[in-house]
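# A closer look at the structure
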Amino acid sequence: MKVLNMSLANGRAYLAIPGPSVIPDAVLREMHRASPNIYEGELHDLTDSLVPDLKAVAMTNQNVAIYIGNGHAAWEAALANVVSAGDTVLVLATGRFCIGWGEMATDMGITVQTIDYGDHADIDLAQVEDALRADKAGKIKAILAVHVDTSTSVKNDIAGLRRVLDAVGHDALLMADCIASLGCDRFEMDAWGVDVMVAACQKGLMTPAGISFVYYNGKADARRGDRVTRYWDWRARTEPEHYFQYFDGTAPTHHLYGLRKALDMIKAEGLDAVFARHQALAQTVWAAFDCWAQEGPLHLNIADAAKRSHAVTSAGAGSPNADALRQWCEHKAGLTLGIGLGRTPSDAYFRVGHMGHVNAHMIMGVLGTMQAGLSALNIPHGKGALDAAAKVIAASA
Ligand SMILES: *Cc1c(COP(=O)(O)O)cnc(C)c1O
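Residues numbered from 1 in each chain as written. Predicted model: local features only at pLDDT ≥ 70, side-chain atom pairs only at ≥ 80, totals over all residues. Heavy atoms only, no water.

### So, the packing of aromatic side chains
Counted under the stated rule, the structure contains 8 aromatic pairs. With 5.3 Å between their ring centres and 80° between their planes, F187 and W192 make a pair best called edge-to-face. For F187, a relative accessible area of 1% gives the class buried. The exposure class assigned to W192 is buried, which follows from its relative accessible area of 18%. One aromatic cluster is present, built from ring pairs that chain together Y67, Y231 and W232. Over the ring of Y231 we find R237; its NZ or CZ atom is 4.5 Å from the centre of that ring. The ring centre of Y349 lies 3.9 Å from the NZ or CZ of R343, which sits over that ring. (Phe/Tyr/Trp six-rings, centres within 6.5 Å; stacked < 30°, edge-to-face > 60°. Buried < 20%, exposed > 50% of the residue type's maximum accessible area, 1.4 Å probe, protein only. Lys NZ or Arg CZ within 6 Å of the ring centre and 35° of its normal.)

### Considerations on the side chain of Q371
Of note, Q371 is situated in helix 13 (residues 360-376). Here H381 takes part through its side chain, which lies 3.1 Å from a polar atom of the side chain of Q371. (Helix = DSSP H or I, 4+ residues; strand = E, 2+ residues; numbered from the N terminus. Polar contact = N/O pair within 3.5 Å; in protein donor to acceptor, adjacent residues only side chain to side chain.)

### Concerning the nonpolar core
For soluble globular proteins, nonpolar side chains are generally found buried alongside one another. Among the nonpolar cores identified, the biggest contains 57 residues, and L54, L92, V128, M197, F213 and Y215 are the most heavily contacted of them. Not counting the four nearest positions on each side in its chain, L92 is found in contact with C98, I115, Y117, I123, V128, I143, L144, A145 and L161. Core analysis: the second largest hydrophobic core is formed by 37 residues, V285, F289, F350 and I393 among them. (Core = buried A, V, L, I, M, F, W, Y, C linked by side-chain atoms within 4.5 Å. Contact = heavy atoms within 4.5 Å.)

### Some thoughts on a negative patch on the surface
On the surface, a cluster of negative charge is made up of D45, D48, E239 and E241. Within the secondary structure, E239 sits in the loop between helix 8 (234-237) and helix 9 (240-246). Among the residues examined, E239 registers a relative accessible area of 40% and is labelled partly exposed. (Patch = residues over 30% accessible without salt bridge, like charges linked within 9 Å, V, L, I, M, F, W, Y side chains within 5 Å. Areas by Shrake-Rupley, 256 points an atom, 1.4 Å probe, with all protein chains shown as cover. Salt bridge = Lys/Arg side-chain N within 4 Å of Asp/Glu carboxyl O. Lys, Arg positive; Asp, Glu negative; His and termini not counted. Charge placed at Lys NZ, Arg CZ, Asp CG, Glu CD.)

What follows is the structure in structure tokens.
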């Protein structure tokens, strides 16, 4: 029987983009409640309890300031606390995101020196060393680097940047964007010598977009520049007496409840197990792509597996195949893949998010749906992708 308006997209939709990520039902349920008293009681204790767990996921004993805003807010907040007009920052661009952070610095009156590694490579530490050695006058006040660039899915060696800074004896701050990686790819703020780190709640932390975090150490705090305005001042936001009670305005009440639940879930699973799950699922995705790439236009964006993120995979499919595949998956099968953000032509690239609340059956579902789309659209592709993916799941589970 042929029914004209039949759609295989009906059913539970799946957003497999690299943020916002899948929100666990437990987090949604936690948020489904009446507004609490914001002036005293439970909400303050709950907020207080978030701080040690937020530090634990970043492996730090330093400070964390909670902002009401997305990752862009954390970018601006981080800069506002440490730079002064006329300062220079060194932007290490491995995709769209660090460039965006640098543009924000430009808007704030900061001189931006950029080393652009393009869309397929990670940061070359030797080039960073040369740039720092050339800075005899010590103009560079901070290095801005993205741990995982969500547009290219490259993972950068942040600990390596600290080694370079120390080897050169340069005292620029090391500032890292972990918005895509926190809670997905291992990141060790203190062991890696990171001075400032920015993150947001809607990726590995599995909470609806709307709150973000700036982590900072004493060295960064001592750099206090002339751009810091009252709302972005991290000092007020790390002082419990003041901040947990007033949040410089109304607390983001429901986000705090949701985040509490998400952090409980990460704690219960164990951070190492969370990282291992992300690694296994990323390897599952790569195994499928390795097969598809045997024939036709599909290919992973980052050739070296050691430099790929475990949170997101960026791939090329030729123009306009990537766009056609995304449209097919969304409209025919209820699966939304990520756009080729910041890439040219954008219809030649797409991304698969596998960050946060994601398990084996979800990833196999994503890959199986993509396989169906490739067939339906007659996009040439190598065979055996689902078999190869299943083998990785079988070996890892
Ligand atoms: C998502 C993302 C951002 C931007 O965060 P928003 O919450 O969308 O403002 C910045 N950097 C990276 C690496 C990201 O993945």
